[in-house]
Amino acid sequence: MKINQNTVLQGKKVTLVPYTSAHVSRYHEWMKSEELQRLTASEPLSLEQEYEMQRSWQEDADKCTFIVLDTERWSGQAGTEEDCMVGDVNLFLTDMEDPTVGEIEVMIAEPSCRGRGFGKETTLIMMFYGVTKLGITKFEAKVGQENEASICMFKKLHFKEVAVNRVFQEVTLKLDVNEQQRQWLLEQTNHVEEKNYSVLNLQTRASET
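All residue numbers refer to position in the chain's written sequence, counted from 1. It should be noted that, the model being predicted, local features are given only for residues of pLDDT at least 70 and side-chain atom pairs only at 80 or more, the latter also being counted only at that level, while totals for whole chains, interfaces and linings use all residues. In computing side-chain values, all of the structure's heavy atoms are included and hydrogens and water are not.

- The name given to the protein in an unreviewed UniProt entry is Alpha/beta-tubulin-N-acetyltransferase 9, with the source organism recorded as Terrapene triunguis.
- The Function (unreviewed entry) field of the UniProt record for the protein holds the comment "N-acetyltransferase that mediates the acetylation of the N-terminal residues of alpha- and beta-tubulin."
- UniProt positions are given in the numbering used here, feature names are shortened, and annotations may be inferred rather than shown by experiment. UniProt annotates the protein under Sequence similarities (unreviewed entry) with the comment "Belongs to the acetyltransferase family. GNAT subfamily."

This is the structure in structure tokens:
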């Protein structure tokens, strides 16, 4: 999705940046993991296919994708963006008749970053972006039945379990964002700073010269 190509959303634990070709190599390495393939219901892709997928996510109007960085490492410039990557988050506009519906997916790929609140803050920031920038008022999440940690996280964020697909071993959770939910979401994300990705990259390059 082109709308977020220059958007950085910086939280306390995680920072969301646009998914660019510079992130593909690390992402490709992650997705060789059979565990991640199983948890995300993904098929392994070749590196070239991964680059093609990145280009489609950048261009397609029905997909909004961010790469998730470790804020502490990234803000301290402890390494390149690739070094600071911990996962990704996606918002799919799956209902062409209702553009206010968004299906959210979050993946914390780095094992050392799981169980530390990274996924929760990532999800909240993406929901904030969906509500304030994309006009989303109804969220849906589909999670593998075995992924109890993710199911529990979504329930803590007020999602309700609405269906279980025994064939695909998948749980569907939904959240309708009424005014009360919207205010709660804004309160949860009032620390988030929005920055310009191009400006940050220029500053980074300038500091390196």
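## With respect to the sheet that holds strand E3 (residues 63-70)
Here is step 1 of the chain: Two strands pair if DSSP finds at least two bridges between them. Starting at the N terminus, helices and strands are each numbered in turn, a helix being any DSSP run of H or I of at least four residues and a strand any DSSP run of E of at least two. In space, the nine strands of this open sheet follow the order E7-E8-E6-E5-E4-E3-E2-E1-E9, with mixed pairing throughout. Each end of this open sheet is capped by a strand with a single partner; those strands are strand E7 (160-165) and strand E9 (193-196). Pairwise comparison of adjacent strand axes, ignoring direction, gives a mean angle of 25 degrees for this sheet.
Here is step 2 of the chain: In terms of strand pairing, strand E5 (residues 101-108) meets strand E6 (residues 138-144) through three bridges, oriented parallel. Bridge pairing in E6 places Val101 opposite Lys138.
Here is step 3 of the chain: Along the sheet, helix H7 (residues 148-156) contacts E5, E6, E7 and strand E8 (170-176); its crossing angle with E6, the most-contacted strand, is approximately 160 degrees. Every axis in this analysis is a line fitted to C-alpha atoms, fitted for helices over the stretch in contact. Angles between the N-to-C directions lie between 0 and 180 degrees. When checking whether two residues touch, look at their non-hydrogen atoms; a contact exists if any pair is within 4.5 Å.

## With respect to helix H3 (residues 47-59)
Here is step 1 of the chain: With 13 residues, H3 extends 19 Å between its outermost C-alpha atoms, agreeing within 8% with the 18 Å of an ideal straight helix rising 1.5 Å per residue.
Here is step 2 of the chain: Note on classification: 1.4 Å probe, protein chains only; a residue is buried when its accessible area is under 20% of the maximum for its type, exposed when over 50%, partly exposed between these limits. Along H3, the positions that sit buried rather than exposed are Glu50, Gln54 and Trp57. What you see down the axis of H3 is that its buried residues fit within an arc of 65 degrees, all on one side.
Here is step 3 of the chain: Looking at the buried positions of H3, the neighbouring elements they touch are helix H1 (24-30) and E3. A helix is expected to span 1.5 Å multiplied by its residue count minus one. Arc definition: it is the arc formed by the directions from the helix axis to the C-beta atoms.

## Observations regarding the nonpolar core
Here is step 1 of the chain: We call a set of buried residues a nonpolar core when its members are Ala, Val, Leu, Ile, Met, Phe, Trp, Tyr or Cys and they connect through side-chain atoms within 4.5 Å of each other. In this structure, Ile104, Phe139 and Phe159 are the most contacted members of the largest nonpolar core, which totals 38 residues.
Here is step 2 of the chain: Top element by residues in this core is helix H6 (residues 118-133). It accounts for seven residues.
Here is step 3 of the chain: Aside from chain neighbours lying at most four places away, what touches Phe139 is Leu91, Gly102, Met127, Val131, Phe159, Leu173, Lys174, Leu175 and Val177.
Here is step 4 of the chain: One finds Tyr19, Val24, Tyr27 and Trp30 within the second-largest nonpolar core, a separate group that totals 18 residues.

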